[in-house]
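# Fold and geometry: a report
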Amino acid sequence: MQVTFIDAEIPKPGTLQEVAPGIFWLRMPLPFDLDHINLYLLEDNQNGQEGFALIDTGIGTRETEELWDTILDILGKPITKVIVTHMHPDHIGMAGYLVEKYRLPMYMSQAEYFTARAIFAGPCGASDWQDDEYLVRSGMSEDYVNNAKKNRKESKGIRQVIRPIPLQFHRLQAGEHIRIGAHEWQVYIGRGHSPEHVCLFNSDTNILISGDHVLPGISPNIGVYSTEPDANSLKQYLDTLPQFTQLPEDTLVLPSHKQPFHGLHTRVNDLIRHHHAHLDNLRVFCEQGKTIEQCLPVLFKRKLNSHSMNFAIAEAFAHLNYLYFEGEFSREINVKGQFIFTLNKYVT
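Below, the structure is looked at part by part. Everything quoted here is computed from the prediction, not taken from an experiment. (Residues numbered from 1 in each chain as written. Predicted model: local features only at pLDDT ≥ 70, side-chain atom pairs only at ≥ 80, totals over all residues. Heavy atoms only, no water.)

### A closer look at the pattern of salt bridges
Applied cut-off: Every case where a carboxyl oxygen of Asp or Glu lies within 4 Å of a side-chain nitrogen of Lys or Arg is listed as a salt bridge. Here a helix means four or more residues in a row that DSSP labels H or I, a strand means two or more in a row labelled E, and each is numbered from the N terminus. The buried label goes to any residue with under 20% of its type's maximum accessible area, the exposed label to any with over 50%, and the partly exposed label to all in between, with areas taken from a 1.4 Å probe on protein chains only.
Summed over all chains, the structure comprises 20 salt bridges. With a closest N to O distance of 3.8 Å, Asp131 and Arg152 form a salt bridge. A residue pair is termed long-range when its members are at least 10 positions apart, and Asp131 in helix α5 (residues 129-137) and Arg152 in helix α6 (residues 142-154) qualify at 21 residues. A relative accessible area of 28% means that Arg152 is categorised as partly exposed. The closest approach of N and O atoms between Arg331 and Asp230, which form a salt bridge, is 2.9 Å.

Okay, structure coming up:
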């Protein structure tokens, strides 16, 4: 079954588009190359009160807040609960605003909730030498490292785009069900893009809310960052993708970016092939030792701006770490403090 988009108009900011009975699609703008996030409202009933459960919230900006005020006026019914798929700012950014304003329960996985709390809290007095070391290990120039350090000191950080995170959450775990309206939605957990990403599947209607874990046309960022430089994020991602091929082939997928689509099995297999193609290219390129920075053109053909460069470094790091932990590559530190990844010739 090929990937096909549903025949529905993309909703303009501040409007809703019904994509299935009782499920409404809306979009919020993002100030990035990927300029939008999809959110979903599901008809719900909480303590006898009709309303809508919300999946993800948009980035925490004044513009998003104004759009939410517009949408809430249109709905005519309250939001009953906020469900956050994962801790990235475009997903959790407005959760605190909505939970605080309407006294709502918030549902997340445990790892996503506490990671979000930790990131929002900031360094709490810790120095940032490990952030610098991460960039040096990646092979970035001295100027790049110094500029990054300067930008960190001048920036207000992630607090600019995340409203204060509620002090309470309701935990979602793999295999559990959460009731929304007349339906039970099973929790699936994906990893690699974020620590414990929640996806929801309704077997009554064959609908999957996939968040960022399964996207049409693009791959979610699978990165290794300075907080855990020995992470094997790509293995986690590849290990948690195949479970979705066990769902019905005609499942309607509601992703966080691009458009709702059919063709889940095809898309999962495409994503797996995409990453293995990158790994194959790195195996050829790294027959002689290479830094992470030197590997960037192998993985990214487009020009990288300052924002996308951060994600590109992390993505290259993830692919090279995967090959290292599989025993296919060696990883050494040269006299400049850079990681050098080299294909182990004896591996077949």
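Read on for the rest.
### Concerning the environment of Gly22
Put simply, the rule is: Contacts are assigned to residue pairs that have any heavy atoms within 4.5 Å of one another.
Tracing the chain through its elements places Gly22 in the loop between β2 (17-20) and β3 (23-29). Taking the C-alpha atoms as reference points, Gly22 and Glu43, separated by 21 residues in sequence, lie 5.2 Å from one another. Discounting chain neighbours no more than four positions away, the residues touching Gly22 are Leu41, Leu42 and Glu43.

### Points about the side chain of His91
Under the convention used in this document: Whenever two N or O atoms come within 3.5 Å, that pair is a polar contact, provided that in protein one can donate a hydrogen and the other can accept it, and provided that, for residues adjacent in sequence, both atoms are side-chain atoms.
Within the secondary structure layout, His91 lies in helix α2 (residues 89-92). Given the relative accessible area of 0%, His91 is considered buried. A polar contact is formed between the side chain of His91 and the side chain of His86, at a distance of 3.5 Å. Those residues in contact with His91 that lie beyond four places of it in its chain are Ile37, Asp56, Thr57, Gly58, Val84, Thr85, His86, Asp212, Ser256 and His257.

### Considerations on the packing of α5 against α6
Heads up, the rule is: Working convention: axes come from line fits to C-alpha atoms, limited for helices to the stretch in contact. Angles between N-to-C directions cover 0 to 180 degrees. Any angle between 65 and 115 degrees counts as roughly perpendicular, while under 35 counts as roughly parallel, over 145 as roughly antiparallel, and the rest as oblique. Helix crossings fall into two classes, left-handed where the near helix is turned counterclockwise from the far one by less than a right angle and right-handed where it is turned clockwise. Throughout this entry, Asp, Glu, Lys and Arg are counted as charged residues, while Ala, Val, Leu, Ile, Met, Phe, Trp, Tyr, Cys and Pro are counted as nonpolar. The remaining residues, Gly among them, count as polar.
One way to put it is that α5 packs onto α6 with a least axis distance of 10 Å and a crossing angle of 150°. Between α5 and α6, the interaxial angle falls into the category roughly antiparallel. Here α5 and α6 pass one another in a crossing that is right-handed. Residue-level inspection shows Asp131, Asp132, Leu135 and Val136 of α5 in contact with α6, the latter providing Tyr144, Val145, Ala148, Lys149 and Arg152. Residue classes in the contact of α5 with α6 are distributed as five nonpolar, no polar and four charged.

### Describing the layout of surface pockets
Cut-off, in case you're wondering: Any residue with an atom within 4 Å of a point lines the site, the site being either a cavity, points on a 1 Å grid over the protein atoms alone where a 1.4 Å probe fits but cannot get out, or a pocket, an open set with protein on both sides within 12 Å along at least 5 of 7 lines. Grid points are joined across faces, edges and corners, and a volume is the space filled by probe spheres set on the points.
Taken as a whole, the second largest pocket encloses approximately 200 Å³ of empty space. Contributing to the lining of the second largest pocket are 14 residues, with Pro21, Gly22, Ile23, Glu43 and His183 lying nearest its centre. Residues that form the lining of the second largest pocket fall into these classes: eight nonpolar, five polar and one charged.

### With respect to helix α4 (residues 110-121)
Put simply, the rule is: Working rule for helices: expected span equals 1.5 Å times residues minus one. Note that the arc is defined by the directions from the helix axis to the C-beta atoms.
Given a rise of 1.5 Å per residue, twelve residues ought to cover 16 Å, and the 17 Å separating the end C-alpha atoms of α4 matches this to within 8%. If you check which residues of α4 are buried, you get Glu112, Tyr113, Ala116 and Phe120. Projected down its long axis, α4 carries its buried residues within an arc of 100°, all on one side. Looking at the buried positions of α4, the neighbouring elements they touch are α2, β7 (106-108) and β11 (197-202). Gly122, located one to two residues past α4, shows a positive phi value of around 80°.

### Observations concerning the pairing of β11
Remark: a regular strand shows side chains that alternate across the two faces of the sheet. The criterion, for reference: Two strands are said to pair when DSSP picks up at least two bridges between them.
Among the six residues in β11, six count as buried, and that is most of the element. Side-chain alternation along β11 places His197, Cys199 and Phe201 on one buried face and Val198, Leu200 and Asn202 on a second face that is also buried. Strand direction decides the pairing type here: strand β10 (residues 183-190) and β11, joined by five bridges, are antiparallel. When the bridges of β11 are listed, Tyr188 appears paired with Cys199.

### Details of the pairing of strand β9 (residues 177-180)
Every second residue of β9 is oriented toward a common face, the buried set being Ile178 and Ile180 and the non-buried set His177 and Arg179. With four bridges joining them, β9 and β10 adopt antiparallel strand pairing. Each residue of the ladder has a partner; that of His177, found in β10, is Gln186. Linking β9 to β10, which pair antiparallel, is a turn of two residues; within it Gly181 sits at a positive phi near 60°.

So, to be careful, I would describe these as geometric facts and stop short of saying anything about function.
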